[in-house]
Amino acid sequence: MRQFSVLTLIDAQMNHYSPAEGRVADYVLENPATALNLTTKQLAKQCQCSEATIIRFCQRVGINSFKELKIELAKDAHKVNKEQLPNLPVNFEDETEAVLEKVMSKSMSALMNTSRLVSSSAIDAAAEAIHRAKRVFLYGAGGSSVVALDAQYKLLRIDISALFSLDSHVQMVMATNMTKDDVLFVVSTSGQTKEVVELMQIAKDKEAAVILLTQHGSSPASKLADILLTISVEEQHIRIGTMSARIAQLAVVDAMFIRLCIQKGNQVFERIIDTHNVIQKIKR
């Protein structure tokens, strides 16, 4: 199984660093072995930035300190000859075996990197907000709609009023009826989609809590969110759908749902069993 790689994560997020942080990223990617032996002050000098920038850079990739970053760099150096899974885009010339290996590798990488970025306190906050909500409105545009629909299905199984529509106009109409007792749960990989931002603004105007599941980094949508659930940035080039992003998003939804079930207590598992039994009867 592919393990977490801090170098892969740093490279994947190149578009989200400030200019000074970008210099740190470039230096670490080009000189990982050298960075291992530097102090924060020495690295700052090499990158012509402040020591505070080094700390911000570490936090940007989900690591609390430069010391922890060096530990992860050391792990990467140890793994380099043990792990040769492809980290390349799928090509039209690839055989099926290579395609399968690349897709699996990207998915595992997305899961491991996301596990370092997503905040456990944000998952707790999202579960708590949904637990207390009168209604939960869900939305995702394009490929993100699959994740939003999965979240709706899970919430319905434990008797939570969960409203979802693929039609953005219908979703806008529903949003106008939100109140401060409701929650809007939005899935947007980029955080740039116009209708997503507009929908979140309506929810904010109605004083509803807004939860956003999106990739790591600043975006118009992330600035509007009350609770931010982040996945890693894995896909830099032209994408065939949002393959690895979708896998990471579904995993975060699963974690949030399980946390929500724990908050609701034992009775919620009785509902899950009841809904399972009903579906099994249909299958017979």
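Residues numbered from 1 in each chain as written. Predicted model: local features only at pLDDT ≥ 70, side-chain atom pairs only at ≥ 80, totals over all residues. Heavy atoms only, no water.

**Q** Quick rundown of the side chain of serine 145? Include the residues and the values.
**A** With respect to the helices and strands, the residue serine 145 is situated in helix 9 (residues 144–157). Residue class for serine 145 comes out buried when judged on its relative accessible area of 10%. Of the polar contacts made by the side chain of serine 145, one reaches the backbone oxygen of glycine 142; its length is 2.6 Å. What serine 145 contacts, discounting residues up to four positions off in sequence, is Gly140, Phe164 and Leu166. (Helix = DSSP H or I, 4+ residues; strand = E, 2+ residues; numbered from the N terminus. Buried < 20%, exposed > 50% of the residue type's maximum accessible area, 1.4 Å probe, protein only. Polar contact = N/O pair within 3.5 Å; in protein donor to acceptor, adjacent residues only side chain to side chain. Contact = heavy atoms within 4.5 Å.)

**Q** Pulling in residues and values, what's your account of the packing of helix 2 (residues 19–30) against helix 5 (residues 51–60)?
**A** With their axes 9 Å apart at the nearest point, helix 2 and helix 5 run at an angle of 75° to one another. When the axes of helix 2 and helix 5 are compared, the pair comes out roughly perpendicular. Here Ala20, Glu21, Val24 and Ala25 of helix 2 lie close against helix 5, whose contacting residues are Thr53, Ile54, Arg56, Phe57 and Arg60. Split into classes, the residues belonging to the contact of helix 2 with helix 5 amount to five nonpolar, one polar and three charged. (Axes fitted to C-alpha atoms, helices over the stretch in contact; angles between N-to-C directions. Parallel < 35°, antiparallel > 145°, perpendicular 65-115°, else oblique. Nonpolar A, V, L, I, M, F, W, Y, C, P; charged D, E, K, R; others polar.)

**Q** Kindly report on the packing of aromatic side chains, identifying the contributing residues and their values.
**A** Following the criterion strictly, the structure yields one aromatic pair and no others. For the ring pair tyrosine 17 and phenylalanine 57, a centre distance of 5.4 Å and an interplane angle of 55° mean the geometry is tilted. Of this pair, tyrosine 17 sits in the loop between helix 1 (6–12) and helix 2 while phenylalanine 57 sits in helix 5, and the two are 40 residues apart along the sequence. Each member of the pair, tyrosine 17 as well as phenylalanine 57, carries the same accessibility label: buried. (Phe/Tyr/Trp six-rings, centres within 6.5 Å; stacked < 30°, edge-to-face > 60°.)

**Q** Give a detailed account of the environment of threonine 193, specifying residues and quantitative values.
**A** Locating threonine 193 in the fold gives a position in the loop between strand 3 (183–187) and helix 11 (194–205). A relative accessible area of 25% places threonine 193 in the partly exposed class. Sequence spacing of threonine 193 and alanine 141 is 52 residues, and the spatial spacing of their C-alpha atoms is 7.8 Å. Those residues within four positions of threonine 193 in sequence are excluded, and the remaining contacts are Ala141 and Ser188.

**Q** Quick one: what's the story with the sheet that holds strand 5 (residues 227–231), residue by residue and with numbers?
**A** What the five strands build is an open sheet, ordered 2-1-3-4-5; its pairing is parallel. Two strands in the sheet have a free side with no partner beyond their single neighbour: strand 2 (162–164) and strand 5. Neighbour to neighbour, the strand axes of the sheet diverge by 20° on average, direction disregarded. With five bridges connecting them, strand 1 (residues 136–140) and strand 3 associate as parallel partners. From the neighbouring strand, phenylalanine 137 faces strand 3, where its bridge partner is leucine 184. Of the strands in this sheet, strand 1, strand 3, strand 4 (209–215) and strand 5 touch helix 8 (residues 120–132), which is tilted by about 130° from strand 5. Its contacts with the sheet put helix 12 (residues 243–264) on strand 3, strand 4 and strand 5, and the angle it makes with strand 5 is roughly 135°. (Pairing = 2+ DSSP bridges.)

**Q** So, the pairing of strand 3: which residues are in play, and what are the values?
**A** In regular strands, side chains alternate between the two faces of the sheet. Counting buried positions along strand 3 yields five of five residues, so the element is predominantly enclosed. Alternating positions in strand 3 separate into two faces, Val183, Phe185 and Val187 on one and Leu184 and Val186 on the other, with burial throughout. Sheet topology note: the strand 3/strand 4 ladder contains five bridges and is parallel. Across the sheet, valine 187 pairs through a bridge with leucine 213, a residue of strand 4. Crossover strand 3 to strand 4 through helix 11 is right-handed. (Right-handed = clockwise from strand over helix to strand, strands pointing away.)

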